Amino acid sequence: TNYHLKQQIEKMMYPSRLGEKLNLENVKNLAVGGMGYPIHTRRIFSYLLSNQDKINFNETLVLLQLTSLQRAELPIPKKDNVIHYCHIGDGDGDEGASNYLINNYNPYYLILKGLYELSLFKGWCESMGIKIVFLDILGKVGFWKGEEIHMGQTSETINNHQYSMYHDYIRYPSIKDIVSSWNVVTIETKGYRFCDNGYHDDAHFVPEAHEDIAEKIHIELKKLLK
């Protein structure tokens with residue numbers, strides 16, 4: 001988003017709309033496109049810790065919109081000996097991204113890793129008195145619950161590694177078992193995206209959808225959080 005339009009556009013989007021409906025004093029949208037959960041949870045974690053002298057954690061609500069578990073940060077070594085991170089198609093990182101995808105990318109491992117990271121982040125928030133709710137706006141949870149049948153080999157490899165290194169065979173929990181312990185608000189989004197309305201393949205939400213999404217989340221949060 002162009003910088004000079006950023007504030008105007010943010011006011012139109014569902015986080016700001018939802019904040020108004022909940023009468024919140026401070027709404028912070030920390031979403032980052034493309035790179036998956038490590039950067040999302042790290043940004044929220046960093047923001048909360050950096051501002052803990054200004055924020056009452058017991059009055060703080062974290063909403064994390066679920067996306068594909070297979071997304072990943074792409075580490076790209078640079079000449080200055082610093083590791084940079086990029087999206088696929090970021091220009092400078094394209095060659096490194098190609099090498100990563102060909103030689104290292106394993107979507108099934110990333111599914112397990114993503115579930116682990118989200119579970120840890122959820123636990124940290126709850127230990128600090130912060131309420132956390134996951135938003136399933138893209139229909140990911142139902143997809144994940146069926147995904148485990150395709151990841152048996154990777155899951156077994158991880159489990160066998162645990163067994164070979166230590167004393168007990170400890171199976172990695174199923175996706176269904178992990179996700180069922182989360183507070184998840186599911187929102188129906190049929191027809192909400194640009195691509196649903198004939199705008200090529202852009203999967204972002206059309207402007208008028210944000211008010212509807214915010215209202216639906218508001219209704220579900222009132223039920224969930226009393």
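Residues numbered from 1 in each chain as written. Predicted model: local features only at pLDDT ≥ 70, side-chain atom pairs only at ≥ 80, totals over all residues. Heavy atoms only, no water.

Moving on, we come to the sheet that holds strand β5 (residues 184-186). Spatially, the three strands line up as an open sheet ordered β1-β4-β5, and their pairing is parallel. Unpaired on one side and paired on the other, β1 (61-65) and β5 mark the two borders of the sheet. Strand-to-strand twist across the sheet, computed as the mean angle between neighbouring axes with direction ignored, equals 25°. As paired strands, β1 and strand β4 (residues 131-136) are joined by five bridges and run parallel to one another. Bridging from a neighbouring strand, Gln65 pairs with Leu135 of β4. Contacting β1, β4 and β5, helix α9 (residues 207-225) runs over the sheet at an angle of about 140° to β4. (Pairing = 2+ DSSP bridges. Helix = DSSP H or I, 4+ residues; strand = E, 2+ residues; numbered from the N terminus. Axes fitted to C-alpha atoms, helices over the stretch in contact; angles between N-to-C directions. Contact = heavy atoms within 4.5 Å.)

For the rest of this paragraph, the subject is the side chain of Thr60. Looking at the element boundaries, Thr60 is found in the loop between α3 (37-50) and β1. Judged by its relative accessible area of 13%, Thr60 falls in the buried class. Engagement of the side chain of Thr60 in a polar contact is seen with the backbone oxygen of Asn56, the distance being 2.8 Å. Excluding anything up to four places from it in sequence, Thr60 contacts Leu48, Ile55, Ile130 and Lys131. (Buried < 20%, exposed > 50% of the residue type's maximum accessible area, 1.4 Å probe, protein only. Polar contact = N/O pair within 3.5 Å; in protein donor to acceptor, adjacent residues only side chain to side chain.)

This paragraph deals with helix α2 (residues 14-21). For α2, the full list of buried residues reads Tyr14, Leu18 and Gly19. Along the long axis of α2, the arc covered by the buried residues comes to 140°, so they all point the same way. After α2 finishes, the residue Asn23 shows a positive phi value of roughly 55°. (Arc of directions from axis to C-beta.)

On to the packing of α2 against α9, then. Where α2 meets α9, the axes come as close as 8 Å, and the angle between the chain directions of the two elements is 45°. Classified by the angle between their axes, α2 and α9 sit oblique to one another. As for the relative orientation of α2 and α9, their crossing is right-handed in sense. Facing α2, whose interface residues are Tyr14, Arg17, Leu18 and Lys21, α9 presents His210, Glu211, Ile213, Ala214, Glu215, Ile217, His218 and Leu221. (Parallel < 35°, antiparallel > 145°, perpendicular 65-115°, else oblique. Left-handed = near helix turned anticlockwise from the far one by under 90°.)

Just geometry here; none of it tells us what the structure is for.
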